[in-house]
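One-letter residues, chain by chain:
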Amino acid sequence: MKVMSINAGSSTLKFSLFNMDDESVIASGNFERIGMEGSFYTIKYRGEKVEQDVTLENHLDAINILLERLVSLSIISSLDEIKAIGHRIVNGGSLYQESVLITDKVIEDLILLKDYAPLHNPAHVLGIKACKEALPEVPMVAVFDTAFHQTMDPVNYLYPVPYSWYQEYGVRKYGAHGTSHRYIAKTISDILGKKDLKIISCHLGSGASVCAIKDGKCVDTSMGFTPLAGVMMGTRSGDIDPSIIPFVMEKEGKNASEIIDDLNHHSGLLGVSRTSNDMRDIVAGMNEGNENCTLAAKKFDRTVVNYIASYYVLLGGCDVLCFTAGIGENSLETRMRIVELLRPLGFELDIEANNCRGELKKISKGKKKPLIYVVPTNEELMIARDTKRLVR
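About the criteria used
- Every chain is numbered independently, its residues counted from 1 as its sequence is written.
- For a predicted model such as this one, the threshold for reporting local features is a pLDDT of at least 70, and the threshold for listing and counting side-chain atom pairs is 80 or more; totals across whole chains, interfaces and linings nevertheless cover every residue.
- Heavy atoms throughout the structure, all of them, feed into the side-chain values; hydrogens and water do not.
- Strands here are runs of E lasting at least two residues and helices are runs of H or I lasting at least four, both read from the DSSP assignment and numbered beginning at the N terminus.
- Two things to know: the radius of gyration comes from C-alpha atoms, and the globule rule equals 2.2 Å times the number of residues to the power 0.38.
- Here, two residues are considered to be in contact whenever any of their heavy atoms come within 4.5 Å of each other.
- Under this rule, positive means Lys or Arg and negative means Asp or Glu; His and the chain ends count for nothing.
- Charge coordinates come from a single atom per side chain, which is NZ of Lys, CZ of Arg, CG of Asp or CD of Glu.
- Salt bridge criterion: a side-chain nitrogen from Lys or Arg within 4 Å of a carboxyl oxygen from Asp or Glu.
- Among buried residues, those of type Ala, Val, Leu, Ile, Met, Phe, Trp, Tyr and Cys that are joined through side-chain atoms within 4.5 Å constitute a nonpolar core.
- The classification of residues rests on relative accessible area computed with a 1.4 Å probe and restricted to protein chains. Under 20% of the type maximum is buried, over 50% is exposed, and intermediate values are partly exposed.
- Within this analysis, the arc is defined by the directions that extend from the helix axis to the C-beta atoms.

> Can you walk me through the overall build of the chain in this structure?
Within the chain one finds 14 helices and 14 strands. Over its C-alpha atoms the chain spans a radius of gyration of 21 Å, differing by no more than 12% from the 21 Å that the globule rule assigns to 392 residues. When its C-alpha atoms are laid out on the principal axes, the chain stretches across 60 × 55 × 45 Å. Counted over contacts in the chain with a minimum sequence separation of 6, partners at least 24 positions apart contribute 61%. Within the chain, the 50 negative side-chain charges are centred at a point lying 7 Å from the centre of the 44 positive side-chain charges.

> Looking at this structure, I do not really get the pattern of salt bridges. What am I missing?
Note on pairing: side chains with opposite charge can pair once their charged atoms come close. Taken as a whole, this structure holds 18 salt bridges when the rule is applied. In this structure, the salt-bridge partner of Asp-278 is Arg-280, at a minimum N-O distance of 2.7 Å. Put simply, Glu-340 and Arg-343 hold a salt bridge, and the shortest N to O gap is 3.9 Å. One salt-bridge network, in which partners are shared between bridges, spans Arg-182, Asp-386 and Arg-389.

> Please clarify how the nonpolar core should be interpreted in this entry.
If you look at the biggest cluster of nonpolar residues, it comprises 43 residues, and the most contacted ones within it are Met-4, Phe-31, Leu-70 and Ile-75. The element best represented in this core is helix α1 (residues 59–72), accounting for six residues. Excluding residues that lie within four positions of it along the chain, Met-4 makes contacts with Phe-15, Ser-16, Leu-17, Leu-66, Leu-67, Leu-70, Ile-82, Ala-84, Ile-85 and Gly-86. The next biggest cluster of nonpolar side chains, apart from the first, holds 39 residues, and it includes Leu-269, Phe-300, Leu-342 and Cys-356.

> Help me understand helix α10 (residues 279–287) in this model?
The α-helix winds at 3.6 residues per turn, so residues separated by three or four positions along the chain end up facing the same way. All of the buried residues along α10 are Met-279, Ile-282, Val-283 and Gly-285. Summarising the axial view, the buried residues of α10 lie within an arc of 160°, below the 170-degree limit, and thus occupy one face. Across α10 from its buried face, at more than 90 degrees, point the exposed residues Arg-280 and Asn-287. The secondary structure elements touched by the buried residues of α10 are α9 (268–273), α11 (291–315), α12 (325–330) and α13 (332–341). Phi turns positive one or two residues past the end of α10, at Gly-289, with a value near 85°.

From the geometry alone we can't say anything about function, so treat these as descriptive.
Written as structure tokens, this is what we have:
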């Protein structure tokens, strides 16, 4: 059974085509700069890589070109081979606690929920509609980043603000990266052969979040009403004192939207280092004695450690600490610094085992808990699994 996972952004479309009989990747790729000048696509399959500049006026153009290339490159013999499509959806609010088959009602709900993810949900709807127009008979599934976090207790998802804000406007913590954290929990549970585990999952990439998981369910997570909250990220600030916003608005003559843009796109590693949002550049700068890069890395470590320590207490201990995503999987220096700060809680790193990038590996010393693992995430596969299950 061939299933395609789609992740549509405001100007991008990423895809993976799976053979779900063995969960192997048949092809994957990106369509970039949709609706902009300089648009192009990249498709990888059977060890080959095809790149081409192409005009992409909208998401339907991207979908149509993708489907045409899948056949013309002999990746599949015909479009009839695609039996289902799964779509990554950033925010399903409190309406969706699990993945669902996409109906007209689901599409209407995603449009109504756009205020909770204004940069993402409208793009997801475009991707869904484009697929529906190109392949009208193929069933589709919505997989929500927020669904995994719907098991949080109100004590953890409510903010200490007027309760009417929650009742009338839905102001609460929704979290993000739920599909990734769910994949990590499932993978670790399978490896250890246990479901009753206390897991702290660290999805550390350009976007970053920490999640407390008990018995396979989310107890709390660092991202909040939007993905801007939580730990320091590549270009996002993470948690700050909200009073900073009106203060800087007055100082710089900016409106609220402009300040939020600064917090989303000009803060985090980029804002503090003043050089880059890429941890590889930050580490290189540290090694060269750049004080701002050193400060950025230490601040990143501290915000992550603060959440890990908080969740250690919340869970009543920790069986497994997991690192995933771009930084978590590949920056052995960052893992080393973070675990060193966690030594008072009993975390101990195996320095030799930690010398790895992008591979599933235990990197803690011995067999005593808490264990530490690097687990490469695979959100696309999780989407495909949900899609296969629901369609069948």
